[in-house]
Amino acid sequence: PPLPEPGSSWIKGNEPFLCLNISQDCTICMEPLGGPSGYKGPGVGPVSRAESVGRLAQCGHQYHFQCLVAMYNNGNKDGSLQCPTCKTIYGVKTGNQPAGKMEYHVIPHSLPGHPDCKTIRIIYNIPPGIQGPEHPNPGKPFTARGFPRHCYLPDSEKGRKVLRLLLVAWDRRLIFSVGTSSTTGESDTVIWNEVHHKTEFGSNLTGHGFPDPGHLDNVLEELRAQGITEDDALME
Ligand code: APR
Ligand code: ZN
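Residues numbered from 1 in each chain as written. Chains lettered and ligands numbered in written order. Predicted model: local features only at pLDDT ≥ 70, side-chain atom pairs only at ≥ 80, totals over all residues. Heavy atoms only, no water.

### A closer look at the environment of Ser 37
Now for step 1: Summarising the element assignment, Ser 37 is placed in the loop between strand S1 (11-12) and strand S2 (53-56).
Now for step 2: Of the residues examined, Ser 37 reaches a relative accessible area of 7% and is grouped as buried.
Now for step 3: Separated by 14 residues in the primary sequence, Ser 37 and Glu 51 have C-alpha atoms spaced 6.2 Å apart.
Now for step 4: Those residues within four positions of Ser 37 in sequence are excluded, and the remaining contacts are Cys 29, Ala 50, His 64, Gln 66 and Cys 67.
Now for step 5: A polar contact of 3.0 Å, which involves the side chain of Ser 37, links it to the backbone nitrogen of Tyr 39. (Helix = DSSP H or I, 4+ residues; strand = E, 2+ residues; numbered from the N terminus. Buried < 20%, exposed > 50% of the residue type's maximum accessible area, 1.4 Å probe, protein only. Contact = heavy atoms within 4.5 Å. Polar contact = N/O pair within 3.5 Å; in protein donor to acceptor, adjacent residues only side chain to side chain.)

Shown next as structure tokens:
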């Protein structure tokens, strides 16, 4: 979908809306907000004047409207916009995770660092396939290595909260992506997205195991950066 019009619930300010604080720069193009957008690419001319400034409704950060449109059009155009300054998300962010399955169950063992509870095991399974228009090389095959991938969370109150939010992230296609693996260097393959998982159960040889006291808070922060908070888990 296209970016909602200026004056919508996301972006305040309408034609003509010129920035009064001419000493401030647009941090998308680095040109002053009092002058024209520095964006020279195609496709935004008719939408607005080069001088038009939009103010994001919730966080209040301001950019050239043409810069916001260009940023949106250069992304995956999923109907969401993320403020490049403070990361506030407008709309619902979704990813390009290929089709697959997410399952989980409780296993009767404790993780190092979580002696008082059992363990949630999540099993992700994604088969190889053909890339869609949302992927880096549409029409080309992608591989899927190391599946099923097993991941672990403590079966504590906070661990269960993380699980609920991971289920939302899965539905929004944000757990995996298609790209180049930084571990193997292979391109056109399924890779972890921006939410860290623990794939090692009884030890921590890879750095992706337990104990790791900050892990659950880190994951909650990474989920927040994807626009997923406890409110989402309550709604779905
Ligand atoms: N377990 C969990 N997360 C990992 C692992 C791992 N073994 N290896 C890397 N990551 C994290 C990285 O820290 C990074 O943040 O995943 C992110 C993406 O790294 P890539 O190497 O690009 O991802 P990918 O190729 O999907 O993963 C490499 O993870 O689960 C295993 O079987 C998988 O061996 C593969 C490895
Ligand atoms: Zn700009």
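What follows continues from the structure just given.
### Focus on the site of ligand 1
Now for step 1: The immediate surroundings of ligand 1 are formed by Gly 146, Arg 149, Ser 181, Ser 182, Thr 183, Val 190, Ile 191, Trp 192, His 196, His 197, Thr 199 and His 208.
Now for step 2: Here Ser 182 contributes a backbone N or O atom positioned 2.7 Å from an oxygen atom of ligand 1.
Now for step 3: Between ligand 1 and the protein, one listed contact pairs an oxygen atom with a backbone N or O atom of Trp 192 at 3.0 Å.
Now for step 4: In the complex, 74% of the free accessible area of ligand 1, which totals 630 Å², lies under the protein chains.
Now for step 5: When each cavity is represented as a set of grid points, ligand 1 is found to reside in the largest pocket.
Now for step 6: In terms of residue count, the dominant contributor to the shell around ligand 1 is strand S12 (residues 189-192) (three residues).
Now for step 7: In terms of residue class, the shell around ligand 1 is built from three nonpolar, eight polar and one charged. (Near = heavy atom within 4 Å. Areas by Shrake-Rupley, 256 points an atom, 1.4 Å probe, with all protein chains shown as cover. 1 Å grid on protein atoms, 1.4 Å probe; cavity = no way out; pocket = protein on both sides within 12 Å on 5 of 7 lines; lining within 4 Å. Sits in = over half its atoms within 2 Å of the grid points. Nonpolar A, V, L, I, M, F, W, Y, C, P; charged D, E, K, R; others polar.)

### Considering the confidence of the model for the protein
Now for step 1: With 86% of its residues at a pLDDT of 70 or more, the protein shows a mean pLDDT of 88.
Now for step 2: The ipTM, which scores confidence in the relative placement of chains, is 0.96 for this predicted complex, and the corresponding pTM is 0.83. (pLDDT = per-residue confidence, 0-100.)

### As for the layout of surface pockets
Now for step 1: Quantified by volume, the largest pocket comes out at close to 480 Å³.
Now for step 2: In terms of lining, the largest pocket is formed by 19 residues, of which the most central are Arg 149, Ser 181, Ser 182, Thr 183 and Trp 192.
Now for step 3: It is S12 that contributes the most residues to the lining of the largest pocket, four residues altogether.
Now for step 4: Of the volumes computed, that of the second largest pocket is approximately 410 Å³.
Now for step 5: In terms of lining, the second largest pocket is formed by 21 residues, of which the most central are Gly 75, Asn 76, Asp 78, Gln 82 and Lys 93.
Now for step 6: Elements supplying a minimum of two residues to the lining of the second largest pocket: helix H1 (65-74), strand S4 (81-82) and strand S11 (176-179).
Now for step 7: Looking at the lining of the second largest pocket residue by residue, the class counts come to six nonpolar, ten polar and five charged. (Points joined across faces, edges and corners; volume = space filled by probe spheres on them.)

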